[in-house]
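# Architecture at a glance
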Amino acid sequence: MAKIDSAKEIRRSVDTGKVIFGTKETEQSIKNGSAKLIIIANNAPRLSKEKLASFAEMAKITVFDFAGTGLELGSICGKPFTVSAMAILDPGKSKVLEISK
């Protein structure tokens, strides 16, 4: 199977699906069970990363460690701010749920 371009699929999910940005909002989506995938930037605060990963593990939600910074993740998403963490609620037309496999 061909390697999936994570940046392209993340952008497609932002454009065609439903996503939320921010560590607090991502944590809430894990707790209420609406998140399908969690994406965390490489330079997110260590404590936030560990907390989100712990909650996601309990909820059996996949976590994708984005190799770039929060600024790069924000740029990919078309946002003028850094994105430390985001949750995919609905992937839309993207194959973003397959990037972590």
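Residues numbered from 1 in each chain as written. Predicted model: local features only at pLDDT ≥ 70, side-chain atom pairs only at ≥ 80, totals over all residues. Heavy atoms only, no water.

## Concerning the pairing of strand β2 (residues 37-41)
In terms of burial, β2 is a largely internal element, five of the five residues being buried. In β2, alternate side chains face the same way, and those of L37, I39 and A41 on one face and I38 and I40 on the other are all buried. Bridge analysis of β2 against strand β3 (residues 62-66) gives five bridges, and the strand direction is parallel. Residue pairing across strands places I38 opposite V63, the latter belonging to β3. In this region the chain leaves β2, passes through helix α3 (residues 46-59) and returns to the parallel neighbour β3; the handedness of that crossover is right-handed. Of the strand pairs in this sheet, β2 and strand β4 (residues 85-90) are connected by four bridges, and their pairing is antiparallel. Residue pairing across strands places I38 opposite A87, the latter belonging to β4. (Buried < 20%, exposed > 50% of the residue type's maximum accessible area, 1.4 Å probe, protein only. Helix = DSSP H or I, 4+ residues; strand = E, 2+ residues; numbered from the N terminus. Pairing = 2+ DSSP bridges. Right-handed = clockwise from strand over helix to strand, strands pointing away.)

## Comments concerning the packing of helix α2 (residues 23-31) against α3
Viewed as axis vectors pointing N to C, α2 and α3 meet at an angle of 15 degrees, and their least axial separation amounts to 9 Å. Judged by the angle between their axes, α2 and α3 are roughly parallel. As for the relative orientation of α2 and α3, their crossing is left-handed in sense. Facing α2, whose interface residues are T23, T26, E27, I30 and K31, α3 presents S48, K51, L52, F55, A56 and A59. Of the residues belonging to the contact of α2 with α3, the class tally is five nonpolar, three polar and three charged. (Axes fitted to C-alpha atoms, helices over the stretch in contact; angles between N-to-C directions. Parallel < 35°, antiparallel > 145°, perpendicular 65-115°, else oblique. Left-handed = near helix turned anticlockwise from the far one by under 90°. Contact = heavy atoms within 4.5 Å. Nonpolar A, V, L, I, M, F, W, Y, C, P; charged D, E, K, R; others polar.)

## Some words on the environment of T26
Along the chain, the position of T26 falls in helix α2. Between the C-alpha atom of T26 and that of A59, which follows or precedes it by 33 residues, the distance is 13 Å. Excluding residues within four positions of it along the chain, T26 makes contact with I20, I38, L52, A85, M86 and A87. A polar atom in the side chain of T26 sits 2.6 Å from the backbone oxygen of G22. (Polar contact = N/O pair within 3.5 Å; in protein donor to acceptor, adjacent residues only side chain to side chain.)

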